[in-house]
Amino acid sequence: MSKARIMSGNEAVAEGALAAGVRFFAGYPITPSSEIAEVLSYLLPQVGGKFIQMEDELSSVGAIVGASLAGLKSITATSGPGFSLMQENIGLAFMAEVPCVIVNVQRGGPSTGLPTKASQADVMQARWGTHGDHNMIVLASSSVRESFDLIIDSVNLAEKYRTPVILLLDEVIAHMREKVILPEKEEIKIIERKKPPKGQGEYLPYEVTEDAIPPMAILGEGYRYHVTGLTHDETGFPTSDPEKINQNIRRLYQKIEKHKDEIIRVEERYTEDAEIAVFAYGSVARSAYSAVKEARKKGIKVGLMRPITLWPFPYKKVSDLTNRVKRIIVPEMNMGQIIEEVKRVVPEKVKVEGVNRVDGELITPSEIMAKIEEVS
């Protein structure tokens, strides 16, 4: 039987990564994510894994891309300016279709900003940080136990869809400590990447398949193929053929878009009869849930929608919500980023308002409650 433990969000990420089968970590220490690297530095060698402290964040993603190509489930962790430095090689991982996970523990910015304070200002960077047309899977955790679960989900999604996946925590979730009961090993679902059949003759590393996800051979196990950040054809070699370029970019985009209904996860509480909805993610969702429960005690019909998957964004879920509510409140520790995505699908009859803090402090239940009472 699993025993109760007291853990931080960062510790849960490290433990969850091991449970997911991660055997390689490369990273550079940076507040408030450093505990992930610290824990994995002594746990990974105990299970035959590898830990490398890199010279910077750009090389960290380069290292996990290389390790993944060689067959190891690989992750890195960072924050703030380190996440900015990683964007070039995140683009490489997307273009070369290399599964890996980047954990970004958000802190205040821009630049060095607030190294020890919380923020949610990287949600658009997580989606659009690397250049060019691309799609991205981004998850956001709201508790210590969920941090354990979502790093496993992130690794599984990366392996299944052959793509980089980003897990967002914020400083509050990373450093808070909660009692958790972790699942037994046999209770954890593990997904492995799709490999080409044994004995297959010609191998096309980027072939067009029905599910848009080509099998991935492990370098060193009999198949040799070209890996490049350049637009390429099915063989992996660069091409200037407009038809092949079009096919390459559209397939990369569609392999996530095509499966978004399988990827997107949203939690709803009290939304069945709600007239007002609070749309919140990460640590702010905890404050939002407290405010919703308090409002319910006062007879105000309020519900909570919490996106676990930030990208692909749950537009359909939000659209369905607008058929039931008259107001939507979006609290965020930024100047207002996700609120604009909510507004994309909200009809004029439903008013959307934000509650924002950018001082490094968590939005409190009382602040959200005040906005609920204001609009009710």
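What counts and what doesn't
Residues numbered from 1 in each chain as written. Predicted model: local features only at pLDDT ≥ 70, side-chain atom pairs only at ≥ 80, totals over all residues. Heavy atoms only, no water. Helix = DSSP H or I, 4+ residues; strand = E, 2+ residues; numbered from the N terminus. Expected span 1.5 Å × (residues − 1). Buried < 20%, exposed > 50% of the residue type's maximum accessible area, 1.4 Å probe, protein only. Contact = heavy atoms within 4.5 Å. Polar contact = N/O pair within 3.5 Å; in protein donor to acceptor, adjacent residues only side chain to side chain. Pairing = 2+ DSSP bridges. Axes fitted to C-alpha atoms, helices over the stretch in contact; angles between N-to-C directions. Salt bridge = Lys/Arg side-chain N within 4 Å of Asp/Glu carboxyl O. Core = buried A, V, L, I, M, F, W, Y, C linked by side-chain atoms within 4.5 Å. Parallel < 35°, antiparallel > 145°, perpendicular 65-115°, else oblique. Left-handed = near helix turned anticlockwise from the far one by under 90°. Nonpolar A, V, L, I, M, F, W, Y, C, P; charged D, E, K, R; others polar.

## Topic: helix H3 (residues 57–69)
Reasoning step 1: For H3, spanning 13 residues, the distance from its first C-alpha to its last is 19 Å, which sits close to the expected 18 Å at 1.5 Å a residue.
Reasoning step 2: Burial within H3 is extensive, with ten of its 13 residues counted as buried.
Reasoning step 3: For H3, the complete set of buried residues consists of Glu57, Ser59, Ser60, Val61, Ala63, Ile64, Val65, Ala67, Ser68 and Leu69.
Reasoning step 4: Buried residues along H3 sit in contact with strand E2 (22–27), strand E4 (73–78), helix H4 (80–96) and strand E5 (100–108).
Reasoning step 5: Here H3 starts with a cap whose side-chain oxygen sits 3.4 Å from the backbone nitrogen of leucine 58, and that cap is aspartate 56.
Reasoning step 6: Phi for glycine 71, located one or two positions after H3, is positive at around 110°.

## Thoughts on the sheet that holds strand E10 (residues 266–269)
Reasoning step 1: With mixed pairing, five strands are arranged side by side in an open sheet as E10-E12-E11-E14-E15. Both outer strands of the open sheet, E10 and strand E15 (351–356), are each paired with one neighbouring strand and no more. Going across the sheet, the axis of each strand differs from the next one's by a mean of 20°, ignoring polarity.
Reasoning step 2: Sheet topology note: the strand E11 (residues 276–279)/strand E14 (residues 327–332) ladder contains three bridges and is parallel. Within E14, the position partnered with alanine 277 by the bridge is isoleucine 328.
Reasoning step 3: Helix-sheet contacts for helix H11 (residues 315–322) involve E10, E11, strand E12 (302–307) and E14, and the interaxial angle to E12 is about 170°.

## Brief notes about the side chain of serine 147
Reasoning step 1: Relative to the helices and strands, serine 147 is located in helix H6 (residues 144–161).
Reasoning step 2: A polar atom in the side chain of serine 147 sits 2.8 Å from the side chain of serine 141.
Reasoning step 3: Only 2.8 Å separates the side chain of serine 147 from the backbone oxygen of serine 143, close enough to count as a polar contact.

## Section: the pairing of E2
Reasoning step 1: Along E2, five of the six residues are buried, which leaves the element largely enclosed by surrounding structure.
Reasoning step 2: Note: E2 against E4, three bridges, orientation parallel. From the neighbouring strand, phenylalanine 24 faces E4, where its bridge partner is serine 74.
Reasoning step 3: As judged from the four bridges shared by E2 and strand E3 (residues 50–53), these two strands associate in the parallel manner. Bridging from a neighbouring strand, alanine 26 pairs with isoleucine 52 of E3.

## Quick notes on the pattern of salt bridges
Reasoning step 1: Enumeration over the complete set of coordinates arrives at 28 salt bridges.
Reasoning step 2: A salt bridge links aspartate 273 to arginine 296; its shortest N-O distance comes to 2.8 Å. Here arginine 296 lies in helix H10 (residues 284–297) and aspartate 273 lies in the loop between E10 and E11, a separation of 23 residues in the sequence.
Reasoning step 3: Residues glutamate 367 and arginine 357 are paired through a salt bridge, measuring 3.3 Å at the closest nitrogen-oxygen approach. Placement of the pair is glutamate 367 in helix H13 (residues 365–375) and arginine 357 in the loop between E15 and H13, with a sequence separation of ten residues.

## Topic: the nonpolar core
Reasoning step 1: Val103, Val278 and Ile372 are the most contacted members of the largest nonpolar core, which has 69 residues in total.
Reasoning step 2: Sorting elements by how many residues they give to this core places H6 first, with nine residues.
Reasoning step 3: Excluding residues within four positions of it along the chain, valine 278 makes contact with Ala288, Val292, Val302, Gly303, Leu304, Met305, Ile329, Pro331, Ile368 and Ile372.
Reasoning step 4: Formed by 49 residues, the second largest nonpolar core is a distinct cluster that contains Phe24, Met54, Val342 and Val346.

## Side note on the packing of helix H1 (residues 9–19) against helix H2 (residues 34–43)
Reasoning step 1: Axis separation between H1 and H2 bottoms out at 8 Å; the angle between their running directions is 40°. Our classification of the angle between H1 and H2 gives oblique. The crossing of H1 and H2 is right-handed. Listed contacts from H2 to Asn10, Glu11, Val13, Ala14, Glu15 and Leu18 of H1 are Glu35, Ile36, Val39, Leu40 and Leu43.
Reasoning step 2: Considering only residue class, the contact of H1 with H2 consists of seven nonpolar, one polar and three charged.

## Regarding the pairing of E5
Reasoning step 1: Counted residue by residue, E5 has nine buried out of nine residues, so it is predominantly covered.
Reasoning step 2: Alignment of E4 against E5, held across four bridges, turns out to be parallel. In the sheet register, isoleucine 75 faces E5, and the bridge partner there is valine 101.
Reasoning step 3: In this sheet, strand E8 (residues 164–170) lies alongside E5 in parallel orientation, the contact comprising seven bridges. In the strand pairing of E8, valine 101 is matched with valine 165.
Reasoning step 4: Strand direction decides the pairing type here: E5 and strand E6 (residues 114–118), joined by two bridges, are antiparallel. In the strand pairing of E6, arginine 107 is matched with alanine 118.

## Observations regarding H6
Because each turn of an α-helix spans 3.6 residues, side chains separated by three or four positions in sequence point in the same direction.
Reasoning step 1: Taking 1.5 Å per residue as the helical rise, H6 with its 18 residues ought to reach 26 Å, and the 26 Å between its terminal C-alpha atoms agrees with that figure.
Reasoning step 2: The element H6 is largely enclosed, with a buried count of 14 among its 18 residues.
Reasoning step 3: Following H6 by one or two positions, arginine 162 has its phi on the positive side, about 55°.

In short, geometric facts, not functional conclusions.
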